[in-house]
Each structure stands twice: as structure tokens, then as C-alpha cells.
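Fold and geometry: a report
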Amino acid sequence: NQAPDLAGRHIVVSAGGTREPLDPVRFLGNRSSGKQGYALARTALARGARVTLIAANVGLPDPAGADVVPVGTAVELREAVVKAAADADCVVMAAAVADFRPVAYAGGKIKKTDAEPDPVALVKNPDILAEISRERARPGQIVVGFAAETDDVLAHGRAKLARKGCDLLVVNEVGETRTFGADGNEAVILGADGGEAPVPFGPKEDLADAVWDRVAALFGPPAG
Ligand code: C5P
């Protein structure tokens, strides 16, 4: 599907996974590869959109034509997304954002001693998807979230869609060997309008195009 149905639209995609530092050499992170977010960026570009790609710790080549903004932590990701969202028609939060970060950052490498280590104290990170959905920097801005669930995927997805306040939520089932880092994905796209579109297992580009089909439908006919 290469129809330029996203021409004239500015689309912001976050991708990858945030890293929350404990000291200069250690962090709390997750297994997100950034592949789904990059597939979303590439397919949106192919459909004519202008794309800002907020990339959290992704080791993939920049999609040609995307404005790539590298970030590290959830706080940095939030800043970059909020800034780019100011004139965006659509924001897709495909990044795996750490829910918590260490309270303290040790300026020097934490040393091993004979004593038992202290537990790591954590503080909540901002929920960027909920904030973007609530604020809607532009009228009619479409906000899309992703949710990886391990059980009761649809029920948890519906509840999360309502809680976050986004327009679409792409839910998939994950386990230790599923989805993260893989080239394929399988998901259900839930809509705030009650819609439910299953996308069978296939390349991450196929899921990305299915998301853009739904987004383009929500945009309605092209402006002008
Ligand atoms: O609540 P949960 O982390 O399962 O929700 C996943 C969705 O929320 C993803 O779209 C993710 O990018 C977004 N998220 C966020 N800020 C957080 C945590 C998750 O924007 N602090």
C-alpha cells in the first residue's frame, strides 16, 4: 500500500526503549529493539507523511527522510515528544517507556563492597501517552498507543485504551521469546470508537500499514 494518503500530515513516532541510569555505566532498560517503531516511520514516509522519529536507544539505520531525534531516558523522550507533538497531526507511542526510574543517580560507578547492596529506590516516570492524549496539542490530533500484554490481551487492552485516553491502541501478546527483537508481529488494533481490527502474524511493516489505514480513516478525506 503505497498510496500517498498521509501526504501533508506531520506524524510523530516514538521507538525503542528508554534507559534509566543508575550510574555512568549501568541502567534499567527493556528489550525493545525499535523495529516496530522504525517500520511505522518507514511506511508513513512511503505514504507521503512528514515524520519525526523519536528514537530511544535504537541501533537501526535512520529511515531516509525522517527527522530523527535520539533520546535516552523517559524524561528526555517526553520532552522530545511534547515538542514535536505541538504541530503534529498524529502521535504514535511505539516506544517502550520505563514506568520507573532510580531515585538517585550516582555520579561515579557504584562500587562493590563486602556489605549487602542497598535496594534500588524507584520513582514513577511521567505517562507520556496519557499526557499527550489529554492535552491534544492540536484539535483533531490522533494519538495511538501500543500495549504488550502477557494474558487477557483484549480485556486489558480495552481497559488501557480507556485509561490512557488515546484513539487507537495496538495490543499484542508478549512472552520472553515473542515480539521483542523479532521481525514479525501479530496484534489487534482497538479503537476508542469500539472498533477491533485483528492483524495476523506478519512483517512489522504490515502491522504498521494496518495502523496507518486506521489513522487515515480517522483523518477523513485529505484537506484542501
Ligand atoms: O501502561 P503501558 O506501559 O502498558 O502502556 C504502553 C503504552 O504507553 C505505549 O504506547 C507506551 O509508549 C506508553 N507509555 C508512555 N509513558 C510511560 C509508559 C508507557 O507513554 N511512562
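Quick caveat: nothing in here was measured; it's all calculated off a predicted structure.

1. Overview of helix H3 (residues 128-135)
Most of H3 is tucked away: 6 of the 8 residues are buried. The elements touched by buried residues of H3 are helix H2 (74-85), strand E6 (90-93), strand E9 (142-149) and helix H4 (153-164). With a side-chain oxygen positioned 3.3 Å from the backbone nitrogen of leucine 129, the residue opening H3 is aspartate 127. At the exit of H3 stands arginine 136, carrying a positive phi of roughly 45 degrees.

2. Topic: the pairing of strand E12 (residues 196-203)
Summarising the sheet, strand E11 (residues 184-191) and E12 pair through 6 bridges and their orientation is antiparallel. In the sheet register, isoleucine 189 faces E12, and the bridge partner there is alanine 197. Linking E11 to E12, which pair antiparallel, is a turn of 4 residues; within it glycine 194 sits at a positive phi near 95 degrees.

3. Remarks on helix H1 (residues 35-46)
Compared with the 16 Å implied by 1.5 Å per residue over 12 residues, the 16 Å span of H1 between its first and last C-alpha is a close match. Within the span of H1, buried status applies to Gln36, Gly37, Tyr38, Ala39, Leu40, Ala41, Thr43 and Ala44. Following H1 by one or two positions, glycine 48 adopts a phi angle in the positive range, close to 100 degrees.

4. Section: the sheet that holds strand E1 (residues 10-16)
With mixed pairing, 8 strands are arranged side by side in an open sheet as E5-E4-E1-E6-E9-E10-E11-E12. The open sheet terminates on both sides in strands that have one partner only, identified here as strand E5 (67-71) and E12. Averaged over all pairs of adjacent strands, the angle between their axes in this sheet comes to 20 degrees, without regard to strand direction. Bridging between E6 and E9 involves 4 bridges; their strand directions are parallel. Bridging across to E9, methionine 93 finds its partner in glycine 145.

Analysis parameters
Residues numbered from 1 in each chain as written. Predicted model: local features only at pLDDT ≥ 70, side-chain atom pairs only at ≥ 80, totals over all residues. Heavy atoms only, no water. Buried < 20%, exposed > 50% of the residue type's maximum accessible area, 1.4 Å probe, protein only. Helix = DSSP H or I, 4+ residues; strand = E, 2+ residues; numbered from the N terminus. Contact = heavy atoms within 4.5 Å. Polar contact = N/O pair within 3.5 Å; in protein donor to acceptor, adjacent residues only side chain to side chain. Pairing = 2+ DSSP bridges. Expected span 1.5 Å × (residues − 1). Axes fitted to C-alpha atoms, helices over the stretch in contact; angles between N-to-C directions.

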